[in-house]
Every structure is written in C-alpha cells, then in structure tokens.
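# Residue-level structure breakdown
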Amino acid sequence: VTIWSAFSMFSDKMTGSLEPGKYADFIVLDKDYMAGPDDEIHDNKVIKTFINGELVWQESDAQVAAAD
C-alpha cells in the first residue's frame, strides 16, 4: 500500500511507507514498471517477497521447487 492509499484507508500509522514500527510487506521487481509502456507491466517478474521485513521468497526458490 502506498502512503496515499494507506491514508485513505485510515491505516497510515501502520502501512504506506517503510519506516520503523510499520509493517514491511513488499516485493522487489526485476525492472521499474513505471519506466516502461503500460502494456508491458504484466511482463515484470517478482524476484523477492518480504513479509514483516523478512525475506520469505525469492526467484531462486521457485526454480528449486520446479525442479523437485
């Protein structure tokens, strides 16, 4: 959730930005989705997922799981 979305949902005290004391759930993409054309957004890949500030998944995990 971005800061303005969090503010509109009255959750900006806990979400909306990365700072101490707030939830730190976020993803890391392989490229800047804002820099490319809109019709290519679906081509972006998630390479890491963090929940509560901890890495819980990364692209290499998916490659290992697919090989099993």
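The following refers to the structure shown. None of the values given here were measured: they were computed from a predicted structure. (Residues numbered from 1 in each chain as written. Predicted model: local features only at pLDDT ≥ 70, side-chain atom pairs only at ≥ 80, totals over all residues. Heavy atoms only, no water.)

## Let's talk about the pattern of salt bridges
The final tally for this structure, using the stated rule, is two salt bridges. Of the charged contacts in the structure, one is a salt bridge between Lys22 and Glu19, with a shortest N-O distance of 3.4 Å. (Salt bridge = Lys/Arg side-chain N within 4 Å of Asp/Glu carboxyl O.)

## Structural notes on the sheet that holds strand S2 (residues 46–51)
One open sheet holds the three strands; their spatial order is S1-S2-S3, and the pairing between them is antiparallel. The open sheet terminates on both sides in strands that have one partner only, identified here as strand S1 (26–29) and strand S3 (54–58). Mean inter-strand twist for the sheet, computed between neighbouring axes without regard to direction, equals 25°. Sheet topology places S2 next to S3; four bridges connect them, and they run antiparallel. The residue of S3 that forms the bridge with Phe50 is Leu55. (Pairing = 2+ DSSP bridges. Helix = DSSP H or I, 4+ residues; strand = E, 2+ residues; numbered from the N terminus. Axes fitted to C-alpha atoms, helices over the stretch in contact; angles between N-to-C directions.)

## Focus on a negative patch on the surface
Negative charge collects at one region of the surface, where Asp38, Asp39, Glu40 and Asp43 lie side by side. With respect to the secondary-structure elements, Asp39 resides in the loop between S1 and S2. (Patch = residues over 30% accessible without salt bridge, like charges linked within 9 Å, V, L, I, M, F, W, Y side chains within 5 Å. Areas by Shrake-Rupley, 256 points an atom, 1.4 Å probe, with all protein chains shown as cover. Lys, Arg positive; Asp, Glu negative; His and termini not counted. Charge placed at Lys NZ, Arg CZ, Asp CG, Glu CD.)

## What about the environment of Lys13?
Its place among the elements puts Lys13 in the loop between helix H1 (3–8) and S1. The exposure class of Lys13 is exposed, given its relative accessible area of 69%. Along the backbone, Lys13 and Tyr23 are 10 residues apart, and their C-alpha atoms lie at a distance of 9.5 Å. (Buried < 20%, exposed > 50% of the residue type's maximum accessible area, 1.4 Å probe, protein only.)

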